[in-house]
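Structural characterization, general
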Amino acid sequence: MEKKIAVIKGDGIGPEIVTEALKVLDKVGEKYGHKFEYTDVLMGGCAIDVTGEPLPKETVDVCLASDSVLLGAVGGPKWDTLPGDKRPEAGLLGIRGALKLFANIRPAKLIPALKGACPLKEEITENGLDLVIVRELIGGAYFGKRDTHVDENGVKTASDSMAYSDYEVERIARVAFDMARKRRSKVHSVDKANVLDSSRLWREVTHKVAAEYPDVEFSDILVDNTAMQLVHNPAQFDVIVTENLFGDILSDEASMITGSLGMIPSASLGEGTLGLYEPIHGSAPDIAGQNKANPIATILSVAMMLRYSFDMAAEADAIEAAVDKVLNNGYRTGDIMSEGNKLVSCSEMGDLVAAEI
Ligand code: NAD
């Protein structure tokens, strides 16, 4: 099979981790007889430096014409003082909107070899931790009407509105139910229906969709309770579906309890097969350019790309198995290093995983 991939290396450690992920992807191509063609495009701080814009039009055009997009990370102190819409992170919101990527998929799974890094007590995780958060990505408070004004008495007020339409809830709910069918057939829908109108609509629509999936166990849960349950009994969750702002916060919490930021991939999907795949961490300016970063989250993002955009499940399994093997053999980058293991650089980790494919 031939696939065109737009590659956004971005800033900080972005270029280092993406290089390792492409090394692994090339090995998959070689082994399984696929041709992956890469086109580098700019986004974030590096795009601002060259074009003055965090998301040049050419980047959007190339991404739209590709089968999939791989992203490293964007941002850094150099661009922190720019106004909101000119900052590197504006590129992230812009590309999600431009590609109509409404579903963000973030797995949180305890990797047995890294059990020691999990901050929860063993008695809490003894039943496992293997869940996926399906977060609505282009609606709600982050995309609603916002306003900051000063009234005649000098009082300054700022507001953001959280709005959802029924079709937006329905399409994200379907992503969650379809995913649950491929996993352990359980969906928790997270809202704040005891307070928010947008949550009451969310609940009404998710219940309608749930009726079409009688084989999937379904329940509602309030967002505050979800935050508690994630650290109290994470094994109860399989697929969690929620709106943009709640999902942003809960998915960081879920990632944290797995132990390492450098290990977690993500996928952002729309109606078709085009997706954007990226690690959940940022550009880690503190270790950029030192060949120290952990490339595994980006390598696992490529596995998600193979699974969700290219329907190459065996190839995705091969990458995940290769990562497990390397970790089981005791190799670690600095962020996940512990006593008795072997410290390796970013590029060595990429070599090790590629060699196991
Ligand atoms: P960060 O995720 O970049 O770093 C947090 C800490 O984790 C740092 O100590 C860093 O060294 C470490 N870390 C992160 N990824 C690592 C990896 N792969 N291997 C080893 N260690 C790793 O978060 P931050 O410091 O809050 O943000 C830095 C910049 O990244 C900011 O400009 C922020 O806006 C941006 N950011 C971008 C994205 C994105 O591109 N999607 C996401 C989050 C933050």
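Please refer to the structure placed before this passage.
In short, a report on the structure.

Structurally, the position occupied by Lys 27 is in helix H1 (residues 14-32). You can call Lys 27 partly exposed: its relative accessible area is 23%. Sequence separation between Lys 27 and Ala 355 is 328 residues, and the spatial gap between their C-alpha atoms is 8.1 Å.

In this section: the site of the ligand. The environment of the ligand is made up of 20 residues, and the closest members are Val 74, Glu 89, Gly 282, Ala 284 and Asp 286. At 2.9 Å, a backbone N or O of Val 74 approaches an oxygen atom of the ligand. Contact between the ligand and Gly 282: an oxygen atom at 2.7 Å from a main-chain N or O atom of the residue. Across the complex, the protein chains shield 68% of the 810 Å² of accessible surface that the ligand would expose by itself. Counted by class, the shell around the ligand contains 9 nonpolar, 7 polar and 4 charged residues.

Where H1 contacts helix H11 (residues 313-328), the two axes come as close as 11 Å, and the packing angle between them is 130°. Relative to H11, the element H1 lies oblique. Along this stretch, H1 crosses H11, giving a crossing that reads as right-handed. Across the interface between the two elements, Val 24, Val 28 and Tyr 32 from H1 touch Ala 314, Glu 315, Ala 318 and Ile 319 from H11. Among the residues making up the contact of H1 with H11, the classes are represented as 6 nonpolar, no polar and 1 charged.

It is possible for side chains bearing opposite charge to pair when their charged atoms get close. Scanning the model with the defined rule gives 24 salt bridges in all. The partner of Asp 191 in a salt bridge is Arg 203, and the shortest N-O contact between them spans 2.9 Å. Placement of the pair is Asp 191 in strand E8 (residues 186-191) and Arg 203 in helix H7 (residues 197-211), with a sequence separation of 12 residues. Relative accessible area serves as the criterion here: at 1%, Asp 191 is assigned to the buried category. With relative accessibility at 27%, the residue Arg 203 sits in the partly exposed group. What you see here is one network of salt bridges that share partners, running through Asp 130, Arg 183, Arg 184 and Asp 238.

About the cut-offs
Residues numbered from 1 in each chain as written. Predicted model: local features only at pLDDT ≥ 70, side-chain atom pairs only at ≥ 80, totals over all residues. Heavy atoms only, no water. Helix = DSSP H or I, 4+ residues; strand = E, 2+ residues; numbered from the N terminus. Buried < 20%, exposed > 50% of the residue type's maximum accessible area, 1.4 Å probe, protein only. Near = heavy atom within 4 Å. Polar contact = N/O pair within 3.5 Å; in protein donor to acceptor, adjacent residues only side chain to side chain. Areas by Shrake-Rupley, 256 points an atom, 1.4 Å probe, with all protein chains shown as cover. Nonpolar A, V, L, I, M, F, W, Y, C, P; charged D, E, K, R; others polar. Axes fitted to C-alpha atoms, helices over the stretch in contact; angles between N-to-C directions. Parallel < 35°, antiparallel > 145°, perpendicular 65-115°, else oblique. Left-handed = near helix turned anticlockwise from the far one by under 90°. Contact = heavy atoms within 4.5 Å. Salt bridge = Lys/Arg side-chain N within 4 Å of Asp/Glu carboxyl O.

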